[in-house]
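Chain by chain, the residues:
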Amino acid sequence: MVEKAPGPRGGGYVVNFSGVGYEAAGRLGILPDLERAEQPTPELVYVDESGRRVAALPPEAHAALVGGASVTLLRGDLEAALHRALSDRARLRFGTTVTRLDQDDDGVDVGFSDGTDGRFDLVVGADGLHSQVRAAVFGPEERFRADLGHAVISCLLPEPPRAARLDAAQSVGVGLVGRGVGITPTADGRCAAFFAFRTDDVERDLREGPVPTLRRVYGDLGWVVPDLLTAVAKEDSIYFDRICQIRMERWHQGRVVLLGDSAWCVSLFAGSGSSLAVGGAELLGDVLDRHHGDPSGALAAWEAEFRPLVLSRQREALRATAMFVAPNATALWLRTMAFRLSGSRPVRWAGRRFFGNNRRAAASS
Ligand SMILES: Cc1cc2nc3c(=O)[nH]c(=O)nc-3n(C[C@H](O)[C@H](O)[C@H](O)COP(=O)(O)OP(=O)(O)OC[C@H]3O[C@@H](n4cnc5c(N)ncnc54)[C@H](O)[C@@H]3O)c2cc1C
């Protein structure tokens with residue numbers, strides 16, 4: 001396994017890991033490791049621009065919505081658990097990328113950035129949204145990318161902004177039209193800051209960089225937002241990207257297969273990208289076992305089995321966009337009402353539908 005990063009990264013952003021990935025983690029035996037890194041399920045509190053509480057989702061209601069079968073943890077902790085599970089059976093080569101891929105009927109010749117090369121039966125490109133393997137084998141990213149008109153900035157801060165007076169068990173969302181802010185304390189006293197906003201020119205935003213973009217988009221806000229922007233500006237590691245989906249008619253070509261965001265990025269609006277990546281990987285392993293010696297049959301069977309779930313999550317993500325970033329005042333009001341009525345049966349049903357659809361059986365029904 002080659003990984004571009006110089007070493008394990010740790011941290012990142014907070015992910016809710018449920019559905020197909022959670023089930024796979026159980027079968028792979030890594031669930032206890034994930035649960036050790038679990039972040040407490042917080043009360044989700046929605047506030048207005050001045051910090052006034054407008055709605056809240058108690059931890060029990062939050063847990064009931066996702067159906068109990070989930071772990072909330074930092075992306076880096078999920079990555080670390082997967083690395084630990086692999087370390088006695090695969091060599092992890094950090095700081096290395098693929099520079100050349102040439103395949104024939106019997107194998108793939110691969111060149112690496114450290115000057116080495118090798119021949120492999122199968123190459124799995126699990127290299128994320130901006131996959132280099134996809135670009136090399138299938139074509140440029142733009143051909144498969146559907147922009148959703150939003151961007152995300154996320155960052156782990158040493159502590160929550162003091163003025164927010166956050167209880168360690170509270171996650172705060174500031175509800176605004178066209179832009180959202182989230183502050184989630186972590187179990188070790190740090191805090192994950194999250195900004196998602198509508199944009200009509202994401203290329204300009206990315207060129208400008210995260211800090212100037214944050215100042216332009218959020219600079220007029222009060223309450224804890226100015227402190228938050230100052231704290232983010234001091235950080236070296238800030239995640240900033242467009243929110244988009246990758247839509248491909250097939251995920252394999254010969255003996256090269258894409259997996260996770262590189263194949264099907266559902267976008268963070270689906271709340272299930274890491275779960276699909278792990279669930280898809282486990283199923284791929286299974287199917288390769290079942291079709292031993294027939295990679296082409298295995299890859300076709302894997303795609304046929306997994307695609308319905310991915311397509312349903314991509315559709316669900318489009319429907320969920322307004323829950324993350326309200327497009328107008330009516331949507332903002334509806335979202336606030338949904339939080340206020342979170343204990344009611346219709347809202348619980350909608351929540352279960354969203355999170356429950358993240359399972360394979362649900363997608364084919
Ligand atoms: C702010 C935010 C919140 C999210 N919340 C959730 C959530 O609550 N629940 C959920 O399930 N999902 C969530 N997601 C989505 C989830 O993080 C992704 O879908 C998931 O990480 C995809 O996993 P992946 O392994 O396919 O890609 P990635 O996680 O992007 O991993 C790709 C890896 O490949 C490496 N790499 C890249 N290029 C190369 C190269 N050329 N050579 C070698 N290595 C390379 C990268 O360094 C990286 O380690 C969220 C995403 C964001 C941005």
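- Taking an unreviewed UniProt entry as the reference, the protein chain is identified by name as 2-polyprenyl-6-methoxyphenol hydroxylase-like FAD-dependent oxidoreductase belonging to Micromonospora olivasterospora.

## Examining the domain arrangement of the protein chain
Phase 1: Splitting the protein chain by domain gives domain 1 (97-144 + 247-322) and domain 2 (146-244).
Phase 2: The C-alpha-based centres of domain 1 and domain 2 are spaced at 30 Å.
Phase 3: Listed per partner, the contact involves eleven residues of domain 1 and nine residues of domain 2.
Phase 4: Both sides of the domain 1 and domain 2 interface together cover about 800 Å² of buried area, and 74% of this is carbon and sulfur.
Phase 5: Three residues, Leu-129, Leu-268 and Phe-269, lead the burial of domain 1 against domain 2; their summed loss comes to 49% of the area buried on that side.
Phase 6: Taken together, domain 1 and domain 2 are joined by zero salt bridges.
Phase 7: Put simply, domain 1 and domain 2 have one residue pair in polar contact (both at pLDDT 80 or more) between them.

## What to know about the site of the ligand
Phase 1: Taken together, 26 residues lie near the ligand, and Glu-3, Arg-9, Asn-16, Gln-132 and Ser-274 sit nearest.
Phase 2: A distance of 2.9 Å separates an oxygen atom of the ligand from a polar side-chain atom of Tyr-13.
Phase 3: Protein burial of the ligand: of its 1000 Å² of free accessible surface, 85% is covered by the chains.
Phase 4: Among the elements of the structure, β1 (2-3), β2 (14-18) and α10 (273-290) are those that each provide at least two residues to the shell around the ligand.
Phase 5: Among the elements that line the shell around the ligand, the one with the most residues is α10, at four residues.
Phase 6: By residue class, the composition of the shell around the ligand is nine nonpolar, eleven polar and six charged.

Parameters at a glance
Residues numbered from 1 in each chain as written. Predicted model: local features only at pLDDT ≥ 70, side-chain atom pairs only at ≥ 80, totals over all residues. Heavy atoms only, no water. Domains from an automatic or database assignment. Contact = heavy atoms within 4.5 Å. Buried area = accessible area lost by both parts, 1.4 Å probe. Salt bridge = Lys/Arg side-chain N within 4 Å of Asp/Glu carboxyl O. Polar contact = N/O pair within 3.5 Å; in protein donor to acceptor, adjacent residues only side chain to side chain. Near = heavy atom within 4 Å. Areas by Shrake-Rupley, 256 points an atom, 1.4 Å probe, with all protein chains shown as cover. Helix = DSSP H or I, 4+ residues; strand = E, 2+ residues; numbered from the N terminus. Nonpolar A, V, L, I, M, F, W, Y, C, P; charged D, E, K, R; others polar.

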